[in-house]
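Examining the three-dimensional arrangement
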Amino acid sequence: MMVWAGVAALLIWSLGPVYWTLASAFTPSEDFSARPIHFIPQHLTLDHFSRLLGINVARIGGVEVWAQFRAALINSVVTAVAATVLCVAIAALGAYAFTRLEFPGRRALFAAVVATLAIPAYAVLIPLYQIMIRLHLVDTYVGVALIYVSAFLPLSLWLLRSVFEALPIALEEAAQLDGAGRLYIFFKIVLPLAGPGLTAAAILTFLGAWGQYLVPLIFSPEATKPLTVLIPEFITKNFIDYGLITASGSIAIVIPALVVIFLNRYLVSGLLAGSVK
């Protein structure tokens with residue numbers, strides 16, 4: 001009985017805010033102040049999504065926000081995808097080098113890279129901002145993507161190193177005997193076998209980049225502003241637009257939710273790929 005109670009409490013704690021966001025997105029604005037609070041919407045409406053997507057804005061007396069939302073959605077997708085591709089590519093090459101190549105200081109260098117996971121983000125914001133200003137990368141896709149890569153690369157590197165260590169080296173040795181080069185072995189043999197690990201690293205990087213708030217708040221103030229920065233702007237000095245907040249939050253939830261739902265098995269298999277040799 002205690003186990004089921006714990007599971008129920010965990011589900012409510014984790015899924016409750018998601019449900020409340022989705023339910024509020026379909027609740028009319030006048031019902032937000034209704035008392036007592038109804039956990040199941042008494043009336044349903046699509047007006048919040050209509051305002052957000054620029055549909056019949058004049059009819060419902062809303063403010064045009066579709067252009068801002070569309071730009072923020074594109075910015076979120078571009079920066080998250082770019083960071084994911086770069087991070088996984090660099091991590092794959094680095095992890096293979098740390099696993100198969102012998103060079104001085106290999107273990108110390110790997111430990112130093114992974115140790116950066118323990119550095120709080122706010123501890124390097126000022127020097128990082130100064131670097132980005134000098135390189136003219138503030139409020140650019142390249143700059144934000146590179147910051148995400150630097151943040152998530154150590155985790156991906158650690159994960160893929162474990163995956164590569166679990167792969168049978170006999171296949172690579174056999175390919176070398178047949179005259180295959182190092183790059184051919186890496187791209188044709190190692191990467192296909194490490195598919196689950198690569199997928200897991202990509203999922204973790206994408207989800208992490210998609211949900212970032214502090215970094216884009218500072219480094220993406222205007223042109224590359226993502227959804228995580230745009231949504232809080234619906235809170236003004238004298239009014240909180242709960243409808244737009246919950247509607248845009250619902251759409252922002254959909255993409256990472258779909259990634260987790262459809263790629264969950266790859267994530268689990270990738271995380272477990274390096275656990276058994």
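Nothing here was measured: the structure is a model prediction, and the numbers come from that model. For every chain, the first residue of the written sequence is number 1, and numbering continues from 1 along that sequence. A pLDDT threshold of at least 70 governs which residues receive local features in this predicted model, and a stricter bar of 80 or more applies before side-chain atom pairs are shown or counted, although totals over entire chains, interfaces and linings include all residues. Water and hydrogen atoms play no part in the side-chain values, which are based on all heavy atoms of the structure.

All right, on to the packing of aromatic side chains then. Whether two aromatic rings pair depends on their centres lying within 6.5 Å, for rings of Phe, Tyr and Trp, where Trp uses its six-membered ring; planes under 30 degrees apart make the pair stacked, over 60 edge-to-face, and the rest tilted. Overall, the coordinates contain nine aromatic pairs when judged by the stated rule. By the criterion adopted, a ring carries a charge over it if an Arg CZ or a Lys NZ lies within 6 Å of its centre and within 35 degrees of its normal. We note R161 situated over the ring of F110; from NZ or CZ to the ring centre the distance is 4.2 Å.

Let's shift gears to helix α5 (residues 106–115). Note on exposure labels: buried denotes an accessible area under 20% of the residue type's maximum, exposed denotes more than 50%, and partly exposed covers the range between, all computed with a 1.4 Å probe on protein chains only. Under the scheme used here, helices are H or I runs from DSSP no shorter than 4 residues and strands are E runs no shorter than 2 residues, and both carry numbers assigned from the N terminus. Among the residues of α5, those classed as buried are R106, F110 and V114. For α5, the arc enclosing every buried residue in end-on projection is 60°, short of the 170-degree limit, so these residues lie on one face. Within this analysis, the arc is defined by the directions that extend from the helix axis to the C-beta atoms.

This brings us to the nonpolar core. To form a nonpolar core, buried Ala, Val, Leu, Ile, Met, Phe, Trp, Tyr and Cys residues must be joined to one another through side-chain atoms within 4.5 Å. Counting 57 residues, the largest nonpolar core has L160 and F164 as the members making the most contacts within it. Whether two residues are in contact is decided by their heavy atoms, any of which lying within 4.5 Å being enough. Once residues within four sequence positions are removed from consideration, F164 is found in contact with A92, A95, Y96, T99, R100, F186, V190 and A194.

Another point: the side chain of R100. Note that R100 resides in helix α4 (residues 66–100). Here R100 falls in the buried class, since its relative accessible area comes to 15%. Engagement of the side chain of R100 in a polar contact is seen with the backbone oxygen of F164, the distance being 3.1 Å. Among residues more than four places away in sequence, those in contact with R100 are F164, E165, L167, I169, E172 and R182. Between N or O atoms, a polar contact is any pair within 3.5 Å; within protein, one atom must be a potential hydrogen donor and the other a potential acceptor, and residues adjacent in sequence are included only when both atoms are from side chains.

Now for the environment of G195. Tracing the backbone through its elements, the reader meets G195 in helix α10 (residues 195–210). Placed 29 residues apart in sequence, G195 and A166 show a C-alpha to C-alpha distance of 13 Å.

Close approach of charged atoms lets side chains of opposite charge pair. The salt bridge criterion pairs a side-chain nitrogen of Lys or Arg with a carboxyl oxygen of Asp or Glu, the two atoms within 4 Å. Applying the stated criterion across every chain, the model contains five salt bridges. The shortest N-O distance in the salt bridge between R51 and D241 comes to 2.4 Å. Here the residue R51 occupies a position in helix α2 (residues 47–53), and D241 occupies one in the loop between α12 (227–230) and α13 (242–272), the gap between them amounting to 190 residues. D241 carries the same exposure label as R51, and that label is buried.

Note on definitions: angles span 0 to 180 degrees between N-to-C directions of axes, and those axes are lines fitted to C-alpha atoms, for helices only across the stretch in contact. For the pair α4 and α5, the least separation of the axes is 10 Å and the interaxial angle reads 145°. Relative to α5, the crossing made by α4 is left-handed. Together, A97, F98 and T99 of α4 and R106, L109 and F110 of α5 make up the contact between the two elements. The residue classification treats Ala, Val, Leu, Ile, Met, Phe, Trp, Tyr, Cys and Pro as nonpolar and Asp, Glu, Lys and Arg as charged. All others, Gly included, are polar. Residue composition of the contact of α4 with α5, grouped by class: four nonpolar, one polar and one charged. By convention the crossing between two helices is left-handed if the near helix lies anticlockwise of the far one by an angle smaller than a right angle, and right-handed if it lies clockwise.

Attention now moves to the confidence of the model for the protein. Overall, the predicted model of the protein reaches an average pLDDT of 85, with 93% of residues at or above 70. Predictor confidence is given residue by residue as pLDDT, running from a minimum of 0 to a maximum of 100. The least confident element of the protein, judged by mean pLDDT, is helix α3 (residues 57–60) at 54; the most confident is α4 at 93.

Along the chain, T79 turns up in helix α4. For T79, the side chain forms a polar contact with the main-chain oxygen of S76, separated by 3.3 Å.

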